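# Summary of the model geometry
Given next are the chains, with one letter for each unit.
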Amino acid sequence: MLLLVLAALLLLFCTLDVWYFLRGVHVFIEATFQPRVRDLLAEQSIDGMVLPHDLDYMGHMNNSRYLRECDFARFHHYMRNGLFMASHKLGARMVVGASTIRYRRSLAFREAFEIRTKIVGWDEKAFYVEQRFVSKRDGFVSAIMLCRQNVVHCSPESIIEFVCKKKIECPVFPEELQHWISFITASSQALRAESGLEEKNK
């Protein structure tokens, strides 16, 4: 019986990213019992530390780990400001439509950091989120990411109004965000033209 249990666990860990799902459950429980953040535009932060399973061959935090940590930080952010539960009640889904990360300085083994997440704006289809990895050693921004969080089966405005019980005016987009959105739009148009979708829609 023990061998069967061990074999089942081995199969589970080989076929699924178990630690990812366990981490998600941990973030959900942690955020549930933390105070609600009423200001949707308020910056929130979570703490982290570079552990052995985060390292690459150079002894630094692996590039892909930054994106993974951003996933959990956004989930934590949406849980605390109410966007996650509101989107669930409205039958909406929030999926990543685009992300760009810029690495400024590597995070070393056992280096403590915090991820600062904030919503910088929205349009009729998506929220735009900025996330920063800030070293606790000296406050240096080691990496910064922009994320387009697409809203499916609903709209950002509807979710915000559901949470706040009133309409909230979207902030003016920062210049770098405007350039980034232009890049996404141009890339999308080029790919559609390349695949012939533009001609089919005419």
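Just above, that's the structure.
Let me sum up the structure you'll find in this document. The structure displayed is predicted, hence computed values, not measured ones.

### Points about the overall build of the chain
Secondary structure summary: the chain contains 7 helices and 5 strands in total. Counted from the first residue to the last, the chain has its helices and strands arranged as α-α-β-α-α-β-β-β-β-α-α-α. If one aligns the C-alpha atoms of the chain with their principal axes, the spans along those axes are about 60 × 45 × 45 Å. Every one of the 202 residues in the chain was classed for burial, and the buried ones make up 38%. Sequence separation of 24 or more characterises 73% of the internal contacts of the chain that already satisfy a separation of 6 or more. Carbon and sulfur atoms make up 59% of the accessible area of the chain, which totals about 12,500 Å².

### What to know about the pairing of strand β3 (residues 112–122)
With respect to burial, β3 is a largely interior element, 8 of its 11 residues being buried. Direction of pairing for strand β1 (residues 44–49) relative to β3: antiparallel, over a ladder of 6 bridges. Bridging from a neighbouring strand, M49 pairs with A112 of β3. With 9 bridges joining them, β3 and strand β4 (residues 126–135) adopt antiparallel strand pairing. In the strand pairing of β4, F113 is matched with S135. In sequence, β3 turns back onto β4 through a hairpin of 3 residues.

### Comments concerning helix α5 (residues 156–164)
Structurally, the α-helix is built with 3.6 residues per turn, so residues lying three or four positions apart point the same way. Restricting attention to buried positions, one finds in α5 the residues P156, I159, I160, V163 and C164. The arc that holds every buried residue of α5, seen down its axis, measures 115°, which confines them to one face. In the core, the buried residues of α5 are packed alongside α3 (63–81), α4 (83–89), β3, β4 and β5 (141–152). Looking at the residues trailing α5, positive phi occurs at K165, about 65°.

### Section: the environment of V27
Secondary-structure assignment places V27 in helix α2 (residues 18–32). On the basis of relative accessibility, which here comes to 5%, the residue V27 falls in the buried class. Linking V27 and H88, residues 61 residues apart in sequence, is a C-alpha distance of 17 Å. Aside from chain neighbours lying at most four places away, what touches V27 is F72, F75 and H76.

### Side note on the sheet that holds β1
One open sheet accounts for 5 strands, arranged β1-β3-β4-β5-β2; its pairing is antiparallel. In this open sheet, the two strands that pair with only one neighbour each are β1 and β2 (93–103). Along the sheet, successive strands turn relative to each other by an average axial angle of 25°, direction set aside. Its contacts with the sheet place α3 against β1, β2, β3, β4 and β5, and it is angled at close to 60° to β3.

Cut-offs and rules
Residues numbered from 1 in each chain as written. Predicted model: local features only at pLDDT ≥ 70, side-chain atom pairs only at ≥ 80, totals over all residues. Heavy atoms only, no water. Helix = DSSP H or I, 4+ residues; strand = E, 2+ residues; numbered from the N terminus. Buried < 20%, exposed > 50% of the residue type's maximum accessible area, 1.4 Å probe, protein only. Contact = heavy atoms within 4.5 Å. Areas by Shrake-Rupley, 256 points an atom, 1.4 Å probe, with all protein chains shown as cover. Pairing = 2+ DSSP bridges. Arc of directions from axis to C-beta. Axes fitted to C-alpha atoms, helices over the stretch in contact; angles between N-to-C directions.

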